[in-house]
Amino acid sequence: MTIASAASTSPNEVTFPVTGMTCASCVRRIEKALGKVEGVQEASVNLATEKARVVFDPAVASVDHMRAAVEKAGYQLGAYAALGSHGPRLVGQVETALGSTTLTASESAAATVDVHERERQRELDDLKRKWTLSLVVGLAMMALMYLPLNIPLDVLAPVLLIVATVVQFWAGAPIYRAAWAAARHGSTNMHTLVAVGTSAAYGYSAFVTLWPRLAIELGFPQHLYYETAVIIIALVLLGRWLEARARKQTGAAIKALMGLQARTARVVRNGVEQDVPIEAVQMGELVRVRPGEKVAVDGVVVDGRSALDESMLTGESLPVEKGPGEPVIGATLNKTGSFVFRATRVGRDTTLSHIVRLVEEAQGSKAPMQRMADRISEVFVPAILVLSVLTFIGWMVLYAGPEPRLTLALQAAIAVLIVACPCALGLATPTAIMVGTGKAAEHGVLIRGGEALEGARRINTIVLDKTGTLTRGQPTVTGVVAINGGSEECLLRLAAAAGIGSEHPLGEAIVSRAQELDLELPGAEDFRAFPGQGIRAQVDGREVLIGNRVLLDRHGVSLDGLVERADALAHTGATPMYVVVGDQAVGLIALADTLRPESRKAVAQLEALGLDVWMLTGDNRATADAIAHEAGIEHVLAEVLPEQKADKVRGLQAEGKIVAMVGDGINDAPALARADLGIAIGTGTDVAMAASDITLIGGDLRTIVTAIALSRKTVGVIKQGLFWAFAYNIVLIPVAMGLLFPVFGVLLNPVLAAAAMAMSSVSVVSNALRLRGFKAPLPMN
């Protein structure tokens, strides 16, 4: 089954593992190769994840075309390809082995990770064997060369040649293969530098060993550099081994997420409970969860009550009580009671699968900072090759000191080739993003990618939508005021009948209160909603209006002295809704949406981070001010209609503010998309989450603080990595060329250059791994 045949003609997103990459210049080369394939709309390659993400039109481009382009560039695609959220996820050999094409995102990711992990482990084992033997041989050679053993050179040299040849072309085979693959296609990479450098040292030594008289006649010093070539290869392979081991740890978050999933589910079929594999659970089936078991898939409780530990997904430590009608999330842990729920999301649609997918996409993304490094790395290796040649010529032409001039020139040229390291440039950003986004997921924060991660650090203003964000989003009726001789019960009955067709939380609250009082509700007709204002419907042959003062003014209704009573209710934090029957106001219904218990602490923490906190709401000014005061917020945007939210964000941006918007509803989506950073509450709508850059899996606003703090920490680590990568090359390349030689008589030994080059990559990756120790900021009292 091919991807092209499985997908529709709409653009699809596919992810390939790529082998053979060693540095940032490889990344640019593969991206260019894929970008030239007809039908490919976007290609992004990540050195840390060793994957290429491609958006393409399956009606024009095929996997075979992309594979051919990558192979022509000198690299190989792995054995599987995994489509993201835009299409089915196919796993080449893994899919065949499992005999299924209906894997969930987390199962599919687990399978592909297993294959990739095995390949990576084989590579690690091979590297370890080769660098260990090479280093032992190199050190033994050094001992033979420099210890006073009195072994004649004409006896020792042939032995060293034989041993060095084995190491050069056995241990160094991966280096030569990668360099040759690049050279065949007219390109270069880091392996080109190492291959040329070690070949120069080995070749010179072999020439002196095999043709000693000719070497003397040509004026070549009788110096051997076998141990230099061997130890350079050993240290380069050691560096790759350490780097690969460190990079292996960066994927821990994905593995931890996949490990959360239950393996089986206890479904109720025909009244009989039976255990089935999780992939066999169907939408709408009843599933029983016993104490201590994991919830298999997402669903809604239909029978029983319990407390669930959702900390593994939301970061919230306290168990959450669940009863009939309440949602449960797959992979969460049942603590006490037993309950039955109806499956609403299975397979790739579960919350866990969605999280795994988002984290995978985020870890494969690029931050804007990386673009500069990519552009530099594109010309880095050719520039170093030219610089090495110029170094050799410069020493041969300009050096006026004592001989051996050729030896010094050769040593300097080799050191320039070996010390230059484009790897650190390519790894600084993606490794930090991998660890940072993975760590964020552990804390209940889903970051869409590197751009969002970097953007979260820059914001200085945060706008919080009131309903469902600062408040619980579940308003209740707190009071009913009837005038003109009407009864409160009759007023509530008419309002609830009109509100049955409303999806707004305030309308639902009125209906819920009427049902609690067992009021018989008449039928309603001709329902119409006025976004941000209220509703209108025909009830018992009469027109009923329910809404705010704007709606009444729009219909020319007299308020009959209700304004003062509405203002009094508003100052208590309630939202007053006017009720009109015919053309006469008959009363008020007061509704209040209580503040989330953590909202005030979250606001204080956000202000402690130096952010200006704003509240945005459609409530009237008095209600908005009362709630803002309770939450500790000074800046309020009140009486904002849904379609005006994006304009309010734009207005703040026009004042020079860098704005983050936090919301949970469909009407928040335009404002989330307009903001410099959109943050969606995970308990909200899919539309809001799709428009956001960051999603909070739970509803706790304090995770915003965690997201911003982690973003700042991650960007700091990226900057450190890029600084050291640039500084390393800027400082050591001139030293390798011999800048210090005229003053101090110091020339960088190629062996030390190899050690420095290896350690530069390892240090950048190790620095990024420090993010694994990130702790969420402590809540303020």
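As a reminder, the structure under discussion sits directly above these lines.
Please read these numbers as outputs of a predicted model, since none were measured by experiment.

Asks: Any chance you could explain the sheet that holds strand 9 (residues 298–304) here in plain terms?
Replies: For sheets, the rule is that strands pair by backbone hydrogen bonds, running either parallel or antiparallel. The 6 strands lie next to each other as 7-6-8-14-9-12, forming an open sheet whose pairing is antiparallel. Either end of the sheet is taken by a strand with one partner, and the two such strands are strand 7 (272–277) and strand 12 (327–328). The pairing of strand 8 (residues 286–289) with strand 14 (residues 339–345) spans 4 bridges and is antiparallel. Opposite Val287, over in strand 14, you have Phe341 as the bridge partner.

Asks: Any chance you could explain unusual backbone geometry here in plain terms?
Replies: With glycine set apart, most residues show a phi of negative sign, and most peptide bonds adopt trans. Look at Ala331: it is not a glycine, yet its phi comes out positive at around 85 degrees. Look at Asp526: it is not a glycine, yet its phi comes out positive at around 50 degrees. Within the element layout of this structure, Asp526 appears in strand 18 (residues 524–530).

Asks: Got a minute to help me understand helix 24 (residues 621–631) in this structure?
Replies: Turn by turn, an α-helix covers 3.6 residues, leaving residues three or four places apart pointing in a common direction. Turning to helix 24, its buried residues number three or more, namely Ala622, Thr623, Ala624, Ala626, Ile627, Ala628 and Ala631. Those residues of helix 24 that are buried lie in contact with helix 18 (466–470), helix 22 (562–570), strand 21 (575–581), helix 23 (599–608), strand 23 (612–616) and strand 24 (635–637). For helix 24, the side-chain oxygen to backbone nitrogen distance between the N-cap and Ala622 is 3.1 Å, and the N-cap itself is Asn620.

Asks: How should the pattern of salt bridges be read in this particular structure?
Replies: Two side chains carrying opposite charge are able to pair once their charged atoms lie near each other. For the structure shown, the criterion picks out 16 salt bridges. Put simply, Glu273 and Arg266 hold a salt bridge, and the shortest N to O gap is 2.9 Å. A relative accessible area of 30% means that Glu273 is categorised as partly exposed. Here Glu285 makes a salt bridge to Arg269, at a shortest N to O gap of 2.5 Å. One end of the pair, Glu285, is in the loop between strand 7 and strand 8; the other, Arg269, is in strand 6 (residues 264–269), with 16 residues separating them in the sequence. A residue is classified by how much of its surface remains accessible, and Glu285, at 15% relative accessible area, is buried. Counted as one network, the salt bridges with shared partners bring together Arg266, Glu273, Asp275 and Arg288.

Procedures and definitions
Residues numbered from 1 in each chain as written. Predicted model: local features only at pLDDT ≥ 70, side-chain atom pairs only at ≥ 80, totals over all residues. Heavy atoms only, no water. Pairing = 2+ DSSP bridges. Helix = DSSP H or I, 4+ residues; strand = E, 2+ residues; numbered from the N terminus. Buried < 20%, exposed > 50% of the residue type's maximum accessible area, 1.4 Å probe, protein only. Contact = heavy atoms within 4.5 Å. Polar contact = N/O pair within 3.5 Å; in protein donor to acceptor, adjacent residues only side chain to side chain. Salt bridge = Lys/Arg side-chain N within 4 Å of Asp/Glu carboxyl O.

Honestly, that's just the spatial picture; any functional story needs more than this.
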